[in-house]
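# Observations on the three-dimensional arrangement
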2 protein chains.
Amino acid sequence: MRTKKLNLLPLKALNVDDFFWNKYTGLVTKEIIPYQWKALNDEVADAEPSYCIDNFKVAAGLKEGTFHGWVFQDTDLAKWLEAVAYSLSYEPNEVLEKLADDAIDLVGKAQQENGYINTHFSILHPGKQYCNLKEGHELYTTGHFIEAAIAYYEVTGKDKFLNIMKKNADLICEVFHTEKYKNAVPGHEEIELALMKLADVTGDDKYSDMAKDFVDRRGTEPNYLFNESKNEDFIDVWHDPNPYINEYGQNHLPVRKQKTAEGHAVRATYLYCAMADIAQKYQDESLFEACENLYNNIINKRMYITGGIGSSGVMERFTTDYDLPNDTNYSESCASIGLALFCRRMAQITGDSKYIDTMELALMNTVLAGIAMDGKSFFYVNPLEVWPDNCIPATDKNHVKPVRQKWFGCACCPPNIARTLSSLGEYLFMQSDDGLFINMFAGGEYKTTALGGFKKLDIHTKFPFDGKISISISDIPDAVVTTENSEANKKLYIRIPSYAHNFTIKINGSDITDYRTENGYAVLSKADIASAWRGTDIEINFEMPAHFVYANPKVRADAGKAAIKKGPLVYCAEQVDNGENISSIMVDITKPISEYWDENTLGGITVIKAHGKTIKNPEQYDDEALYSDTPAELGYKEITYVPYANWGNRGAGEMYTWLRRFC
Amino acid sequence: MRTKKLNLLPLKALNVDDFFWNKYTGLVTKEIIPYQWKALNDEVADAEPSYCIDNFKVAAGLKEGTFHGWVFQDTDLAKWLEAVAYSLSYEPNEVLEKLADDAIDLVGKAQQENGYINTHFSILHPGKQYCNLKEGHELYTTGHFIEAAIAYYEVTGKDKFLNIMKKNADLICEVFHTEKYKNAVPGHEEIELALMKLADVTGDDKYSDMAKDFVDRRGTEPNYLFNESKNEDFIDVWHDPNPYINEYGQNHLPVRKQKTAEGHAVRATYLYCAMADIAQKYQDESLFEACENLYNNIINKRMYITGGIGSSGVMERFTTDYDLPNDTNYSESCASIGLALFCRRMAQITGDSKYIDTMELALMNTVLAGIAMDGKSFFYVNPLEVWPDNCIPATDKNHVKPVRQKWFGCACCPPNIARTLSSLGEYLFMQSDDGLFINMFAGGEYKTTALGGFKKLDIHTKFPFDGKISISISDIPDAVVTTENSEANKKLYIRIPSYAHNFTIKINGSDITDYRTENGYAVLSKADIASAWRGTDIEINFEMPAHFVYANPKVRADAGKAAIKKGPLVYCAEQVDNGENISSIMVDITKPISEYWDENTLGGITVIKAHGKTIKNPEQYDDEALYSDTPAELGYKEITYVPYANWGNRGAGEMYTWLRRFC
């Protein structure tokens, strides 16, 4: 663990303009933020109403009425504001900023004298607060508002929202150190990571101390959440007849003793984010070790090839090692966002690029699959295998949707995807006193002081469909060079992805081969460049041919199957390309895979073809008995694969990520 | 459809004493009935209390207290009494009969003046009745008591219980023809088939008319169940926040328009039983056609190879055609009992042995798997594939248990299995004026008048492990022979199972080959026997070699897999014989299967061996990454199969019915 963490670059300085990502980031300002605003105001005709803005108006005394929606409905506004903040960093928009300012005013008006903000409790139970941490989601909600307020402050420089949330955070620091709450923890983690950010921004360690207390208390006795319903002021929110399950909220063991990822996957990853932040800030080795254990458990035993996590459709939770069913899983979009956030933090505190591999996997497969290519519909649940006919309500496939949904009453995933895409720059780079880290490859114009003075990086690439990345480094005038930021001391760390073959670096047209590598990064320093970073052209090349991937045989669900990956992208076979009943198709892993660029499919992708077999005369089975003594006859089949991230954009149909293979 | 249905033989005349079945039927008197009585009286230390007898005492005013348990808790006693009645038919037991008489007295004391019996409503809502048909289960409960009363009457000749239940049935016939209830139907079917039996026993058609009304009303407008909660006297039983689903209770379409089996599988099959009974009695062709459509939909599209039905773990329901997942299914033991009862009725009204094939399949696989070989524990849920590690609470495998449970608070399956086993005779034979039908092959001594006069059949066989069945027919003295029951007019119908190869019949040592076959029965008549049925020795021989079975390719879950069947028995591979991770094993369908008798395994079974492959070095994957570019190396594996009916009797472990195959 590093004594000083690697910081993110300020979003304002990062102008992503990328061949691949523009398809998605463009949707945020063009489609999602306006749509989401309408949704918050219940103006989307064919979607479930959110009631969110209405709730704030009622809580602020500006409107008669009562509370509607989920107990965590306020977070819709928080995530919208966060996405707006990020979007303003790369696309200033006065009208949008005015909308946001007004919404922030509304939040301020709904804030109580003591700093408390939560429309559910303010409206339905005035005067009550923190009386059901298990289900109430007040701390979770505040966490999202703090994240939004920090983003808004950092992008716009306006501190009103930040001050509103500091007052709320101050209340939390006070309340949760009183005798009654001295062992209390949030039912849904999120406040912890938000308080860590707040400590960073304000420089006030009382916030990080509170976060650390929350994390240290979790899973210890007396178990506050388990016993909370006996409190006199307890208010039953969901009238849930089921007993409280400690594992569900990672409340079963002290966090340093947790060696397996358990419970609700979003809760879990948000907790792990805070653990990583705290481990670094307090240089807490045992907490860092817990983070490593949990990370290893996830990626070695509990993660889908797509970076999806949470394999149970019931309770959206982790189950057991190697239990990764492809058709009944939850694999929530938000859980993969949480995983990406956790991995980013682990990379920030270790400088190890292996975490970026996982982060990229989650972002470029499950998170992107969560949003339609027109930005108008979303998946919560990300199965690896879908047969639309059996995704029907009131069955155990109830949660699996063969087509993306417009907007959910419980709108966690769509705004979470929006804020992730609009803060994409935060996933691309890290910096230290030592230099600049390039984590993910995306074209754009990026300003930084991490290479000494004021530099600009122009990056061009067709990644992930091509492994060539061109980086031009130039000076920005007004550079103030001191000894500390002298170019001579700075290094450029370029991630070597785990999937890269024949990774080469050219500097100003010449191959360099003797560069140092460290933790999965190629480290370029003064020795490697002619004179200074300015005027340096770097060309990276690597190959990432499409290839078959096999699961550990302990994964029962993938026995005898093969998937296809190309670089970070997982591919899948869809009915629209391969016909009905993909379960009948077997792929021949001994034959070569071909790949070609197709401008006209799914907005431009590399399509993959493989050889295989399938049932020769499927129509003969229409009226055939269920069971027979004769196996079906097979015939040749060419199989077409497209990126998993893009599945379900061409109507409802079957989709398989893992195909049976000849053994 | 026959104008006169084939009747069952009275249980009193049937003394099953069979190589195969004794293992199970013996458990009923020895283990289940005494255990169940303790359970009803809350005297089983390590099982959930039933409260059943206590509830009756409270309702009868014999004890202070309140109601405990499920709303249908009374049925525990009904099913126990039914099982006791059947058991007394082959094993008289004065102590047990006295217990039953006392319990019947108790039921009588708990009966209200107007005939109403239901301890839940009598205790918790005195004076209220039939105010929540959707959830209240009053009619369902009464149905089970009527079935028990009829069994008790037929075996013991005592009519007290029958009269109690007639009074309850009379109330139902009255109430459910009043204006308020004129379109009302039961939420859980069962009363319909019970009323059909009551009409048979009493000769009073008002009961069958009521049953027919219930069946005719189902799925018609105005939809009583859907609108019931708006009634002034509605009492919410389960506070279920979910909306009522018409399909769940087969209330979505008029029954004659139902072409696919929908909803809760137990409810469905109990309804179909009544439909078959009514179709025959009222010679209602359209209703009979509906029965055929539903039967065909089940066996051609919605039934497991084991005769299990209801493929969704959620709501224990049918889903869609070909949706037959092996590891998340419900396939309730009671649903297969329901299917067997439906098939038996279809055989009774058609004389077609194809229904017996399905009945036998359900009984000899799923129903038998439902009970441990020591009779002390039970499965509700019958998966075809189990990996114990992931059968954990609060996930989508919550309902799947890797080991049988002692007794459930909701005790439908154990007593249902008990009453099925103790009434086994009812599944073996049918009779008509024309003669005797042998449906299933079980050793024993069976008295009948169906072959003219009073005859006795001694049957010896080692079926299902051997295809030789010896039948000796002899006279019982005191035969009163009239023209009607003259031996000369009688035929013996012997079922030719669909799985039988080289089916041959010897009469008194000589092969006969020119016998007539009809609807899957070999028909033996006077022409085939020397002179008379008395003194006739019949030997049936057929082969039923173990063989591979393949599912229709539309069954996604079984793609590329093979199962093994021998006669009616489905086989499976267990961890105890094959080691861990059965998903790694592939079976070679091109190599011969061997089978051998093993006295020492599972109480004596035919064990099956097949050739295959599996992962060569499984231990190397313990610390291996989840995903790799290299497929695992395979090596030879001999695979051991045992009957599915017997799985899970040797500790918890993996079990697979379908194995992957070389294609």
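Residues numbered from 1 in each chain as written. Chains lettered and ligands numbered in written order. Predicted model: local features only at pLDDT ≥ 70, side-chain atom pairs only at ≥ 80, totals over all residues. Heavy atoms only, no water.

### A short note on the overall build of chain A
Looking only at helices and strands, chain A has 18 helices and 23 strands in total. For a compact globule of 663 residues, the expected C-alpha radius of gyration is about 26 Å, and chain A comes in at 25 Å, within 12% of that figure. C-alpha atoms of chain A, sized along the principal axes, occupy 75 × 75 × 50 Å. A separation threshold of at least 6 residues defines the contact pool for chain A, and within that pool the share at least 24 residues apart is 72%. Total accessible area computed for chain A in this model is approximately 22,900 Å², and 48% of it derives from carbon and sulfur atoms. Distance from the positive charge centre (68 side chains) to the negative charge centre (94 side chains) of chain A: 3 Å. (Helix = DSSP H or I, 4+ residues; strand = E, 2+ residues; numbered from the N terminus. Rg over C-alpha atoms; globule rule 2.2 N^0.38 Å. Contact = heavy atoms within 4.5 Å. Areas by Shrake-Rupley, 256 points an atom, 1.4 Å probe, with all protein chains shown as cover. Lys, Arg positive; Asp, Glu negative; His and termini not counted. Charge placed at Lys NZ, Arg CZ, Asp CG, Glu CD.)

### Examining unusual backbone geometry
What is expected of a backbone is that most residues other than glycine have negative phi and most peptide bonds are trans. With an omega of -5 degrees, the peptide bond running from Glu221(A) to Pro222(A) counts as cis. Inspection of the secondary structure assignment puts Pro222(A) in the loop between helix H10 (205–217) and helix H11 (224–227). The phi angle at Met315(B) is positive, at roughly 70 degrees, despite the residue not being glycine. Looking at the element boundaries, Met315(B) is found in the loop between helix H13 (285–302) and helix H14 (333–350). Even without being a glycine, Asn508(B) presents a positive backbone phi close to 45 degrees. Along the chain, the position of Asn508(B) falls in the loop between strand S9 (501–507) and strand S10 (510–512). By relative accessible area, Asn508(B) is classed as partly exposed at 38%. (Buried < 20%, exposed > 50% of the residue type's maximum accessible area, 1.4 Å probe, protein only.)

### Some words on helix H16 (residues 413–422) of chain A
In terms of burial, H16(A) is a largely internal element, 10 of the 10 residues being buried. Among the residues making up H16(A), those that are buried are Cys413(A), Pro414(A), Pro415(A), Asn416(A), Ile417(A), Ala418(A), Arg419(A), Thr420(A), Leu421(A) and Ser422(A).

### Some words on the sheet that holds strand S9 (residues 501–507) of chain A
All names here are of chain A. Taken together, the seven strands give an open sheet; going across it, the order is S1-S5-S6-S7-S13-S9-S10, and neighbouring strands pair in antiparallel fashion. Looking at the sheet topology across the chains shown, the edges are occupied by strand S1 (14–16) and strand S10 (510–512). Each strand axis lies, on average, 25 degrees off the axis of its neighbour in the sheet, ignoring direction. In this sheet, S10 lies alongside S9 in antiparallel orientation, the contact comprising three bridges. Across the sheet, the residue bridging to Lys506 is Asp511, located in S10. (Pairing = 2+ DSSP bridges. Axes fitted to C-alpha atoms, helices over the stretch in contact; angles between N-to-C directions.)

### Brief notes about the interface of chain A and chain B
At the interface, 69 residues of chain A touch 69 residues of chain B. Taking both partners together, chain A and chain B bury about 5,100 Å²; carbon and sulfur atoms supply 56% of that area. It is Arg556(A), Leu626(A) and Tyr627(A) that lose the most area in chain A upon contact with chain B, and together they represent 17% of the buried surface on that side. Here chain A and chain B share four salt bridges between them. Glu654(B) serves as the salt-bridge partner of Arg556(A), at 2.6 Å between the closest nitrogen and oxygen. Applying the counting criterion to the chain A and chain B interface returns 34 residue pairs in polar contact (both at pLDDT 80 or more). Elements with a contribution of two residues or more to the side of chain A that touches chain B: helix H13 (285–302), strand S14 (547–551), strand S20 (627–628) and strand S23 (659–661) of chain A. (Buried area = accessible area lost by both parts, 1.4 Å probe. Salt bridge = Lys/Arg side-chain N within 4 Å of Asp/Glu carboxyl O. Polar contact = N/O pair within 3.5 Å; in protein donor to acceptor, adjacent residues only side chain to side chain.)

### Some words on the sheet that holds strand S5 (residues 444–448) of chain B
All names here are of chain B. As summarised here, the arrangement of the seven strands in space is S1-S5-S6-S7-S13-S9-S10, forming an open sheet in which the pairing is antiparallel. This sheet does not close on itself; its edge strands, each paired only once, are strand S1 (14–16) and S10. The mean angle between the axes of side-by-side strands here comes to 25 degrees, regardless of whether they run parallel or antiparallel. As paired elements, S5 and strand S6 (residues 455–461) share five bridges and run antiparallel to each other. Directly across from Gly444, in S6, lies its bridge partner Ile459.

### Focus: the pairing of strand S16 (residues 569–574) of chain A
For a regular strand, side chains alternate in direction, first toward one face of the sheet and then toward the other. Residues and elements named next belong to chain A. For S16, the tally of buried residues reaches six of six residues, placing the bulk of the element in the interior. Burial along S16 is two-sided: the face carrying Leu569, Tyr571 and Ala573 and the face carrying Val570, Cys572 and Glu574 are both buried. One ladder, built from two bridges, connects strand S15 (residues 561–566) with S16; its direction is antiparallel. Residue pairing in the sheet places Lys565 in a bridge with Val570 of S16. Hairpin connection, S15 to S16: the antiparallel pair is bridged by two residues, and Gly567 has positive phi, about 60 degrees. As paired elements, S16 and strand S21 (residues 634–643) share two bridges and run antiparallel to each other. Each bridged residue has a counterpart across the sheet, and for Tyr571 the counterpart in S21 is Pro643.

### Details of the packing of aromatic side chains
Taken as a whole and assessed by the stated rule, the structure comprises 62 aromatic pairs over all chains. Seen from their ring centres, Phe19(A) and Trp597(A) are 5.6 Å apart, and the 40 degrees between their planes marks the pair as tilted. Of the two residues, Phe19(A) sits in the loop between S1 and helix H1 (22–40) while Trp597(A) sits in strand S18 (residues 594–598), which places them 578 residues apart along the sequence. Relative to Phe161(A), the ring of Phe145(A) has its centre 6.3 Å away and its plane inclined at 75 degrees; by these criteria the two rings are edge-to-face. One end of the pair, Phe145(A), is in helix H7 (residues 138–156); the other, Phe161(A), is in helix H8 (residues 160–175), with 16 residues separating them in the sequence. Phe161(A) matches Phe145(A) in its accessibility class, with the two residues each being buried. Between the NZ or CZ atom of Lys212(B) and the centre of the ring of Tyr282(B), over which it lies, the distance is 5.6 Å. (Phe/Tyr/Trp six-rings, centres within 6.5 Å; stacked < 30°, edge-to-face > 60°. Lys NZ or Arg CZ within 6 Å of the ring centre and 35° of its normal.)

### Some points on the pattern of salt bridges
Residues and elements named next belong to chain A. Taken as a whole, this structure holds 82 salt bridges over all chains when the rule is applied. Between Glu445 and Lys456 there is a salt bridge; the shortest N-O distance is 3.8 Å. Here Glu445, found in strand S5 (residues 444–448), pairs with Lys456, found in strand S6 (residues 455–461); they are 11 residues apart in sequence, far enough to count as distant. Given a relative accessible area of 31%, Glu445 falls into the partly exposed group.

### Looking at the packing of helix H3 (residues 75–90) of chain B against helix H4 (residues 94–110) of chain B
Residue and element names in this part refer to chain B. Closest axis-to-axis distance for the H3/H4 pair is 11 Å, and the angle between their directions is 145 degrees. In this structure, the crossing between H3 and H4 has a hand that is left-handed. In this structure, H3 contributes Leu77, Trp80, Leu81, Val84, Ser87 and Leu88 to the contact, and H4 contributes Leu96, Glu97, Leu99, Ala100, Ala103, Ile104 and Val107. Considered class by class, the residues forming the contact of H3 with H4 number 11 nonpolar, one polar and one charged. (Left-handed = near helix turned anticlockwise from the far one by under 90°. Nonpolar A, V, L, I, M, F, W, Y, C, P; charged D, E, K, R; others polar.)

### Section: the side chain of His120(A)
For His120(A), the position within the fold is in helix H5 (residues 119–124). Take His120(A): its relative accessible area is 8%, and that puts it in the buried class.

### A word on the relation of the copies chain A and chain B
Expressed as a screw operation, the relation of chain A to chain B combines 0.0 Å of axial shift with a rotation of 180 degrees, fitting to an RMSD of 0.0 Å. Each copy turns onto its partner about a two-fold axis. For chain A, the smallest separation between a C-alpha atom and the rotation axis is recorded for Asp396(A), amounting to 3.5 Å. Comparing interface residues between copies, 100% of those in chain A also lie at the interface in chain B; the contact surface is shared. (Least-squares fit on C-alpha atoms with pLDDT ≥ 70 in both.)

### With respect to the domain arrangement of chain A
Residues and elements named next belong to chain A. Segmenting chain A into domains produces domain 1 (12–423), domain 2 (428–541) and domain 3 (560–661). Relative placement of domain 1 and domain 2: their C-alpha centres are 33 Å apart. Taken residue by residue, the interface counts 21 residues in domain 1 and 24 residues in domain 2. Across the domain 1 to domain 2 interface the summed buried area is about 1,900 Å²; carbon plus sulfur atoms make up 62%. Among the residues domain 1 hides against domain 2, the three largest losses belong to Phe19, Ser353 and Glu360. Together they make up 26% of the total. Our enumeration of links across domain 1 and domain 2 arrives at two salt bridges. The shortest N-O distance in the salt bridge between Arg495 and Asp357 comes to 2.6 Å. (Domains from an automatic or database assignment.)

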